[in-house]
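Secondary and tertiary structure notes
These are the residues of each chain, in order.
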Amino acid sequence: MDGKIRRRARWRAALLSVGAMTAGLLLTAPQQASGAPNLLTNPGFETAGGPGADMPSCWERSGWGDNDFSFTTVAGAHSGTKAMRVALTRRVSGDRKAMVTENAACAPAVTPGKQYDLSAWYKSDTPDVSVTVFRHDATAGWQYWTDLANPPVSAGWSRTQVRTPVVPPGTDKITWGLSVYGAGAVTSDDYVVEEVGATPPQPSCTGTAEECAKGKWEVIPAKNPVRSMHAVVLKNGKVLLIAGSGNDISQFNAGTFTSAVYDPANGSFKTIPTPVDMFCSGHVQLSDGRVLVMSGNKGYPSADGKIGYQGLKDSYLFDPATEKYTKTNDLNGGHWYPSATVLGNGDVISFGGLKEDSTGNVTAEKFSAAQGKWLPLNEVNQTWSYWGLYPSMILMQDGRLFYTGSHTFGNGTQGSGSSVYDYNANTVTDVPGLRKKDERDESASVLLPPAQDQRVLTIGGGNNETNPAANRLTDLIDLKAANPAYTAGPDIPQGLVDTGAGKRPQTGAEGKMYASAVLLPDGKVLETGGGLHDRADPVYEASFFDPVTSTYQAGLPADPIPRTYHSAGFLLPDGRVMTVGDNPGNGTYNNNVSIYTPPYLFKGARPQLTSVIDTDWVYGDTQRITVNRPITKAELIRPAAVTHSSDPNQRFVDLPMSVVNGTTIDLNVTTNPNLAPPGWYMLFGVDAAGVPSLATWVHLGGAPSVAAAAQAPTAHVHDFADAPQAAPKQNPAPRDSVAVAPSVAGCDRHYGTVNVCVPTRFPAEVKETTKARCDWLAAHRFPPRLQVHGSDPLRLDPDGDGYACT
């Protein structure tokens, strides 16, 4: 099995204080959590193997890599007469472990949907030990599942106990052991596998049957005071809503730029002075919780359409404590619609967007967390590639970046439409499989829960230039695979669409663009909002995507407010979802705010995190919490920083649990900052019914822990190939920019004011006649008598009076 499934070499910094604390926690663990029978055969190595066997009955040698090792049955057992000693005397890569034999007679049978407590007694002289679990998939066979804990060094017999995640569908058996992945030895005995026997409390419905099954939307009385284009959940639980000019040229000309802070605790909004036009900027949260806002709008397109939007070089920090913006140094160039991805060391990397002259920016920008500034161009690796507008760049567990293929505006995407970028090697390698790569404009991409699984989902999309009906496509990719490639996922469920004549059911292949994808504490993804065409035709539909089964739960209630262009959906610390915005082509903006209460909040009382002993976490920590009743999982969710369906930093990081008792739990924190970049996170505990606690804010990282972790890849990291097999792309020669058409935003600027977007191409069902096009504009509430600037390419002014549709 290990010849087929490899995991990356791992090391761990051995801090004596942390090790001593962890040892104390594990020694207090009870003998058994549920009193259920031990599912293992020969758990103490007492029964010898058959003739010629070199291991006790129901045990096998396992491991991989370049190392020198020994397996020895020894005396001095914890109980009985025998124990197992596994030692590594030289190690370049890999690990060694005694594992329960992978066959029907020895490997314990398990039930999907259940959890199991695994425990063993051990002695070790190395910190490089992990509890490693494999599972048997009835279709795919044996495969690596997870690492659950790193037992500390212990000269005497100590007990390690962990609780597995919920067993995935299709799994019928598991096997496990203590892996040694550094020079040293571990001696182990008395293994136990027991089904968690506590019957979870049956949830009582506190709402209507419909609410308990599907949740509930409400539109709050207060209106969003600004035309927000961007939403950021702050470390204090409030929400920063950034408008800038709000895609309103009259506000731009007046120099009126706005933001607002929403407080979910009391439902209030506070308007914040905003120094520049942050309309269509990029933003990301730094390790200390401040929000880095980069670029924005230097100028709107000219009335004759000869020049398009222009990007700012400006950059600012927003401080949640003072609720004020302060300026940083400038970017090296303008980047209207830039990406923004936080890296494992806390730095931020940004690509794409439009320069000050409306051309496409081909330079990468890097913000140094240590220096607190944008680096000069010569200190940043460059591919001289134009990545487009808001290219979705997700940080992978090894520090590379995955460009998902989701972007905003434009088509003709080069290559396969998706790629892996290795910043250190400065190479770009195509990733195959993304369907309709040139119809992923305004699609959503999300790193699925948990981040350790390294699976990405793309959702829908369209094309603002050719303006087809948005598609229903979803594609999935496993970035742990030796050669990652997208595979087809389930179609987005359909709902009602309003194409200007009232709502009707979607038909055929009609899907959506501008959708929001929100990670929820129960491990599902809420997909909501969207539109059928560019800046038009809202779709009223919502669903859950389940990463475990890769299926949708259709038929959820829909947000009653249209949510298309410039809308956003995001998770609040209380487990609800907030949605804002809608800015269709006619230039209007919807200031209504919606709140979605998921069904898990109608299933009775929440579990409570009664104490979180420490809220300042470092990588590789064991963190103790107490709860008022049993929970089945805990996770960190990075707060949202979302715009235009894009939040590449959104992630759900699993915290494997060591269960001390029903109310005391030790959480094992990843040692890999690429899985959980430093910063503030929402900590949720979730019970067996999927009901989450209120979030507790914890801070992960800090310079010392990040530096140590950079040298210590984690036992919780799943291995995958060093690089896809396809040849990396050759980077073009250095260049200043690329040409971008002024119509990049999909609007024909010959008509009306700049913030009105008459489509360059009308939907296919609209006949190419003046009447049909004018009827469509009227149905979509475009202003009457749109002034014509220069020529009339869409033939909307046949009488030549200078006004369209008169």
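Note that the structure is a prediction, hence the values are computed from the model and not measured.

Basis of the calculations
- Residues numbered from 1 in each chain as written.
- Predicted model: local features only at pLDDT ≥ 70, side-chain atom pairs only at ≥ 80, totals over all residues.
- Heavy atoms only, no water.
- Helix = DSSP H or I, 4+ residues; strand = E, 2+ residues; numbered from the N terminus.
- Rg over C-alpha atoms; globule rule 2.2 N^0.38 Å.
- Buried < 20%, exposed > 50% of the residue type's maximum accessible area, 1.4 Å probe, protein only.
- Contact = heavy atoms within 4.5 Å.
- Areas by Shrake-Rupley, 256 points an atom, 1.4 Å probe, with all protein chains shown as cover.
- Lys, Arg positive; Asp, Glu negative; His and termini not counted.
- Charge placed at Lys NZ, Arg CZ, Asp CG, Glu CD.
- Pairing = 2+ DSSP bridges.
- Disulfide = S-S within 2.5 Å.
- Axes fitted to C-alpha atoms, helices over the stretch in contact; angles between N-to-C directions.
- Phe/Tyr/Trp six-rings, centres within 6.5 Å; stacked < 30°, edge-to-face > 60°.
- Salt bridge = Lys/Arg side-chain N within 4 Å of Asp/Glu carboxyl O.
- 1 Å grid on protein atoms, 1.4 Å probe; cavity = no way out; pocket = protein on both sides within 12 Å on 5 of 7 lines; lining within 4 Å.
- Points joined across faces, edges and corners; volume = space filled by probe spheres on them.
- Nonpolar A, V, L, I, M, F, W, Y, C, P; charged D, E, K, R; others polar.
- Polar contact = N/O pair within 3.5 Å; in protein donor to acceptor, adjacent residues only side chain to side chain.

Overview of the overall build of the protein chain
When helices and strands are counted, the protein chain shows 5 helices and 58 strands. Over its C-alpha atoms the protein chain spans a radius of gyration of 28 Å, differing by no more than 12% from the 28 Å that the globule rule assigns to 806 residues. For the protein chain, with 806 residues in total, the buried portion stands at 62%. The contacts of the protein chain with a sequence gap of at least 6 include a subset with a gap of at least 24, amounting to 65%. Roughly 27,500 Å² of accessible area belongs to the protein chain as shown, and the carbon and sulfur atoms make up 53% of that amount. Counting 67 positive and 77 negative side-chain charges, the protein chain places the centres of these two groups 1 Å from one another.

A look at the pairing of strand 4 (residues 95–100)
The buried count for strand 4 comes to 6 of 6 residues, which makes it a mostly enclosed element. Bridge count for strand 1 (residues 59–64) against strand 4 is 6 bridges, and the pairing is antiparallel. If you follow Trp64 over to strand 4, its bridge partner there is Asp95.

Comments concerning the state of the cysteines
For the structure shown, the criterion picks out 4 disulfides. Covalently, Cys205 is tied to Cys212 through a disulfide, its sulfur atoms 1.8 Å apart. Where Cys205 bonds to Cys212 through sulfur, the torsion about that S-S bond is close to 90°, and the disulfide is right-handed. Assessed through its relative accessible area of 42%, Cys205 is described here as partly exposed. Taken in sequence order, the bonded cysteines of the protein chain link in the pattern 1-2, 3-4, 5-6, 7-8. In this structure Cys280 is a free cysteine whose sulfur lies 11 Å from that of Cys747, the closest cysteine sulfur available.

Side note on the pairing of strand 32 (residues 455–459)
Counting buried residues along strand 32, 5 of its 5 residues qualify, which places the element largely inside the surrounding structure. A two-sided burial pattern is seen for strand 32, the buried positions comprising Arg455, Leu457 and Ile459 on one face and Val456 and Thr458 on the other.

Concerning unusual backbone geometry
Omega for the peptide link from Pro449 to Pro450 comes to -15°, which places this bond in the cis form. Residue position: Pro450 is located in the loop between strand 31 (444–447) and strand 32. In this model, Asp190 sits at a positive phi of 55°, which is unusual for a non-glycine residue. Secondary-structure assignment places Asp190 in strand 10 (residues 184–195). At Ser295, a position not held by glycine, the phi torsion is positive, near 65°. If you trace the backbone, Ser295 turns up in the loop between strand 17 (291–294) and strand 18 (297–299). Under the relative-accessibility criterion, Ser295 is labelled buried at 2%.

Let's talk about the sheet that holds strand 44 (residues 577–580)
Ordered by their spatial adjacency, 4 strands build an open sheet running 11-45-44-43, and the pairing between neighbours is antiparallel. Across the chains shown, the open sheet's two edge strands, defined by having one partner strand only, are strand 11 (216–219) and strand 43 (568–571). For this sheet, the mean angle separating the axes of adjacent strands, direction not counted, is 20°. When strand 43 meets strand 44, the two strands line up antiparallel, connected through 4 bridges. Bridge assignment links Phe570 to a residue of strand 44, and that residue is Met578.

Examining the packing of aromatic side chains
Inspection of every chain in the model, using the stated rule, returns 31 aromatic pairs. Ring plane angle 10° and centroid distance 4.2 Å describe the contact between Tyr309 and Trp336, whose orientation is recorded as stacked. Taken together, the positions of Tyr309 in the loop between strand 18 and strand 19 (310–311) and Trp336 in the loop between strand 21 (324–327) and strand 22 (341–342) put the pair 27 residues apart, joining distant regions of the chain. You can call Trp336 buried: its relative accessible area is 1%. Relative to Tyr552, the ring of Phe545 lies with its centre 5.2 Å away and its plane at 70°, an arrangement referred to as edge-to-face. Summarising the burial analysis for this pair, Phe545 and Tyr552 share the class buried.

Some remarks on helix 5 (residues 770–779)
Looking only at helix 5, the buried set comprises Ala772, Arg773, Cys774, Trp776 and Leu777. In this fold, the buried residues of helix 5 make contact with strand 40 (536–540). Trailing helix 5 by a residue or two, Arg781 shows a phi angle of about 60°, which is positive.

Remarks on the pattern of salt bridges
Evaluation of the coordinates by the stated rule reveals 26 salt bridges. Taking the shortest distance from any N to any O, the salt bridge between Arg90 and Asp68 comes out at 2.9 Å. With Arg90 in strand 3 (residues 83–91) and Asp68 in strand 2 (residues 67–74), this residue pair connects regions lying 22 residues apart in the sequence. Salt-bridge contacts for Lys437 lead to Asp438; the nearest nitrogen and oxygen are separated by 3.5 Å. Since its relative accessible area comes to 26%, Asp438 is described here as partly exposed. One connected set of salt bridges, linked through shared partners, spans Asp66, Asp68 and Arg90.

Brief notes about the sheet that holds strand 50 (residues 641–642)
Strand order in the open sheet formed by 5 strands is 15-14-13-12-50, and the pairing between neighbours is antiparallel. For this open sheet the edge positions go to strand 15 (268–273) and strand 50, each flanked by a neighbour on one side alone. As defined by bridge partners, strand 12 (residues 230–233) adjoins strand 13 (residues 239–244) across 4 bridges and the pair is classed as antiparallel. When the sheet's bridge partners are listed, Ala231 is paired in strand 13 with Leu241.

Considering the layout of surface pockets
When its volume is computed, the second largest pocket comes out at roughly 710 Å³. Looking at the second largest pocket, it is lined by 31 residues, and the ones nearest its centre are Tyr386, Trp387, Gly388, Thr413 and Gln414. A per-class count over the lining of the second largest pocket returns 12 nonpolar, 15 polar and 4 charged.

Re the side chain of Ser406
Its place among the elements puts Ser406 in the loop between strand 28 (401–403) and strand 29 (419–422). Overall, the relative accessible area of 4% leaves Ser406 in the buried class. Within the structure, the side chain of Ser406 is placed 2.6 Å from the side chain of Ser443, a separation counted as a polar contact. Polar side-chain contacts of Ser406 include one of 2.5 Å to the side chain of Ser445. Residue contacts for Ser406: discarding those within four places in its chain leaves Tyr390, Pro391, Ser392, Arg440, Ser443, Ala444, Ser445 and Thr458.

These values are about where atoms sit, not about what they do.
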